[in-house]
Amino acid sequence: MNRHSVLRRPVLLPAAAVAVAAVVGAVLLWWGGGAAPKAVPGLPDPGRATAWILPAARLGMQVGAVVAVGLLLAAVMLSPRDDGGARLSVTGYRRLRAAALVAAAWSAACVAALCYTLVDLFGLPAGQVLSVRAVGHFATSVGLGQALALSAVLALLAALIAGRSLRPGGALAALCVAVAATVPPVFTGHAAGSGNHQLAVSGQLLHVIPVTLWAGGLLALAVTARASTADLAVAVRRFSPLALVCLLTVGASGVLSAVTRLSAPGDVLGTRYGQLLLIKTAALVALAVAGLWHRRRAIPALRAGRRRPFLRVAVAETLLFAATLGAAVALSRTPAPLTQEQEDPTAALLGFPMPPPLTVETVATLWLPDPLIIAAAATAAGLYLAGVWRLRRRGDAWPPARTALWLVGCAVIVVATSSGLARYGPVLFAVHMVQHLLLMMVAPILLVLAGPVTLALRAVSPSTDPRWPGPREWLQSALHSPLSRALTHPVLTLGLYVVSLYVLYFTGLYELAVRSHAAHLAMTAHFLIVGYLFFWTVIGIDPAPRRVPHPLKAILVLISMVLHAFLGVALMQSSAVLAADWWTALARPWGPTPLQDQRNAGGIAWSFGELPTVVVLGALMLQWIRADEREARRRDRAADRAQAQGGEDEELAAYNRMLADLAERDRRLPH
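These numbers were taken from a predicted model, which means no experiment stands behind them. Counting of residues starts from 1 at the beginning of each chain's written sequence and follows it residue by residue. Local features in this predicted model are restricted to residues whose pLDDT is 70 or higher, and side-chain atom pairs enter the listing and the counts only when it is 80 or higher, whereas totals over whole chains, interfaces and linings include all residues. Note that water and hydrogens are dropped before the side-chain values are worked out from all heavy atoms of the structure.

**Student:** Could you give an account of the packing of helix 19 (residues 429-449) against helix 28 (residues 594-607), with specific residues and numbers?
**Tutor:** Each axis is a line fitted through C-alpha atoms, taken for helices only over the stretch in contact, and angles between the N-to-C directions span 0 to 180 degrees. Every helix listed is a DSSP run of H or I at least four residues long, and every strand listed is a run of E at least two residues long, numbered separately from the N terminus. Remark: helix 19 packs on helix 28, axes separated minimally by 7 Å, with the N-to-C direction vectors making an angle of 25°. Relative to helix 28, helix 19 is oriented roughly parallel. Helix-helix and strand crossings are classified by hand; for helix 19 and helix 28 the assignment is right-handed. Contact residues: F429, A430, M433, V434 and L437 in helix 19; D597, Q598, N600, A601, I604 and A605 in helix 28. Here the term charged refers only to Asp, Glu, Lys and Arg, the term nonpolar to Ala, Val, Leu, Ile, Met, Phe, Trp, Tyr, Cys and Pro, and the term polar to all other amino acids, Gly among them. Broken down by class, the residue content of the contact of helix 19 with helix 28 amounts to eight nonpolar, two polar and one charged. In these notes the angle categories are as follows: under 35 degrees is roughly parallel, over 145 is roughly antiparallel, 65 to 115 is roughly perpendicular, and the rest is oblique. The handedness criterion is simple: a crossing whose near helix is rotated anticlockwise from the far helix by less than a right angle is left-handed, and one whose near helix is rotated clockwise is right-handed. In what follows, a contact means two residues having at least one pair of non-hydrogen atoms within 4.5 Å.

**Student:** Requested: an account of the side chain of E511, with residues and values cited.
**Tutor:** Here E511 is to be found in helix 24 (residues 509-515). Among residues more than four places away in sequence, those in contact with E511 are A579, D581 and W582.

**Student:** Explain a nonpolar patch on the surface residue by residue, including any values.
**Tutor:** Surface patches are defined over residues having more than 30% relative accessible area and no salt bridge, joining like charges when they lie within 9 Å and nonpolar side chains (Val, Leu, Ile, Met, Phe, Trp, Tyr) when within 5 Å. For every accessible area listed, the method is Shrake-Rupley and the probe measures 1.4 Å; residues are considered covered only by the protein chains on display. One speaks of a salt bridge when a side-chain nitrogen belonging to Lys or Arg is within 4 Å of a carboxyl oxygen belonging to Asp or Glu. Residues V499, V503, L509 and L512 make up a contiguous nonpolar surface patch of about 320 Å² in total accessible area. Elements with a contribution of two residues or more to the nonpolar patch: helix 23 (490-505) and helix 24. Counting through the fold element by element, V499 comes out in helix 23.

**Student:** Tell me about the pattern of salt bridges, residues and numbers included.
**Tutor:** According to the stated counting rule, one finds two salt bridges in the structure shown. Here D396 makes a salt bridge to R394, at a shortest N to O gap of 3.1 Å. With relative accessibility at 28%, the residue D396 sits in the partly exposed group. Look at R394 and you get partly exposed, because its relative accessible area is 42%. Across the salt bridge formed by E511 and R515, the nearest N and O atoms sit 3.1 Å from each other. With E511 and R515 both in helix 24, this residue pair falls four residues apart, about one helical turn. Each residue is placed in one exposure class: buried if its accessible area under a 1.4 Å probe, protein chains only, is under 20% of its type's maximum, exposed if it is over 50%, and partly exposed if it falls in between.

**Student:** Any details on the environment of P452? Residues and values, ideally.
**Tutor:** Relative to the elements of secondary structure, P452 occurs in helix 20 (residues 452-459). Among the residues examined, P452 registers a relative accessible area of 15% and is labelled buried. As for P452 and I541, which are separated by 89 residues in sequence, their C-alpha atoms are 9.1 Å apart.

Here is the structure:
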């Protein structure tokens, strides 16, 4: 198979990519010592078959994830649409159906990896280990098995959604589920075993997801490039900024990964693990060079109607990505360098040593950065500032106070999740409660008052081609979708905002959140999303799918205040310690007892939690007054227009008729 045959028949490119990934992975697996480790006398050995089948299954998972996510990304963002953007085009439909088949194969690879991971852990031949009962127990009771099983289920769900969808909304749902399916294995690999697993896991998430989007999108464009050069040029122009962002994110997360997994600079050249990291770095540099060539030569050629230069660069980049995936599989089976740190049970629980007693100085200095959340907050701040800059360059004004509110809100998120509060949050329940209030009340209030949706609708220009809807059209479609109307229903937002807290703290979910970094990230996202939805409903200045009357908004705020205060009282008066097993295992040697700490947390929720509510009520009253003033001015203008035309205002006339009817009815009543 030569380059020209691949260009003539793009369907051969995935086969070539799989072959390259398999060859590179096998060579590096053998070279790194992860394929056939020497059997140690007295220890179980699963055999050479498992040593090769398990990496092959993991390679199938990675290739399946890249191809499925890439095809779905192409169907959602990189394909033209029909009926003014309401329906997938033939190109998008084909990509969606191909993604369904690949996602099903991806799910099968996850199942194979699940089975042979169990075999590898037992260290016995597959025939002696594999059974429905054993695999089922592993998939439901052990963290590694749960991660692989969850990936298999999500990949299969993505396949089902993609196989039954005909519209862009279904393709977007399948894409979100497919991206979610790439996440669970991250929490069980080398990153999860690092000394600082929060830093390592979040950094790995910033590595895996961008690589999947980047490589998958490029492959999808290359293998489905039979569309017109004009459409392909638009798709590549859209994909290019995403690829650049992915490149920068992958580079930064790679450096972070090396820092967390290599204990000394000498490990880079002195260990097989470090040498494999260098090989992956070299592949990344080569991809960056190819991407630069892509922007300078391929895109102008497409605009000129020539397809071959783009395909040549795309084939080279795809094969480089395939080699990188093979190296990643080999790296996952290569033992990381052993550290000489003394084993610390507390560090095994927290991911870091027990911090010293809580003081203002330790909170301010002992930061625990979360790269994922910091990157998200920085991206949100950067996009907002870019929107403001675009408005001002166009000559339009934007209130500086709103910009300040947005930036402060992003800063509050970073402080709550990466400062000393993050280090003391799993150690003291009271500190966790401060994080809860900052993430669920303070930050969302600041963000909704900044009006990000209004800014986006004003700053982003509408698409000039109805076949290619852009970010502005996507945002408008999301605002008017049935899901948005459901999520902004007053009863639902109130229930999510308040009831979910009782479910979190008075069930085992809170203990799960402090024990699992994945659950902790989910809890953080829940606080932010639910808080944003609630305050968007009651004081948001952005256009919303529902118009909620101001009296109902005031009632919602008062109910939330009462129920939140009752939560604080319940925590203060409870004699049972929440997450008792966690506090017992943690054995914090300083500070209050777990019960007293819990009562302190309840006091914080009861007292400080009401301050943001007062601010919300003040903002709501101000918005209510301004709305009444606008309505009064509108009626006055209508009355003036009616009087100028020699008539009577319709609303005033209707009001006078109602009074006349009441007077006539009263006159007819017997006295």
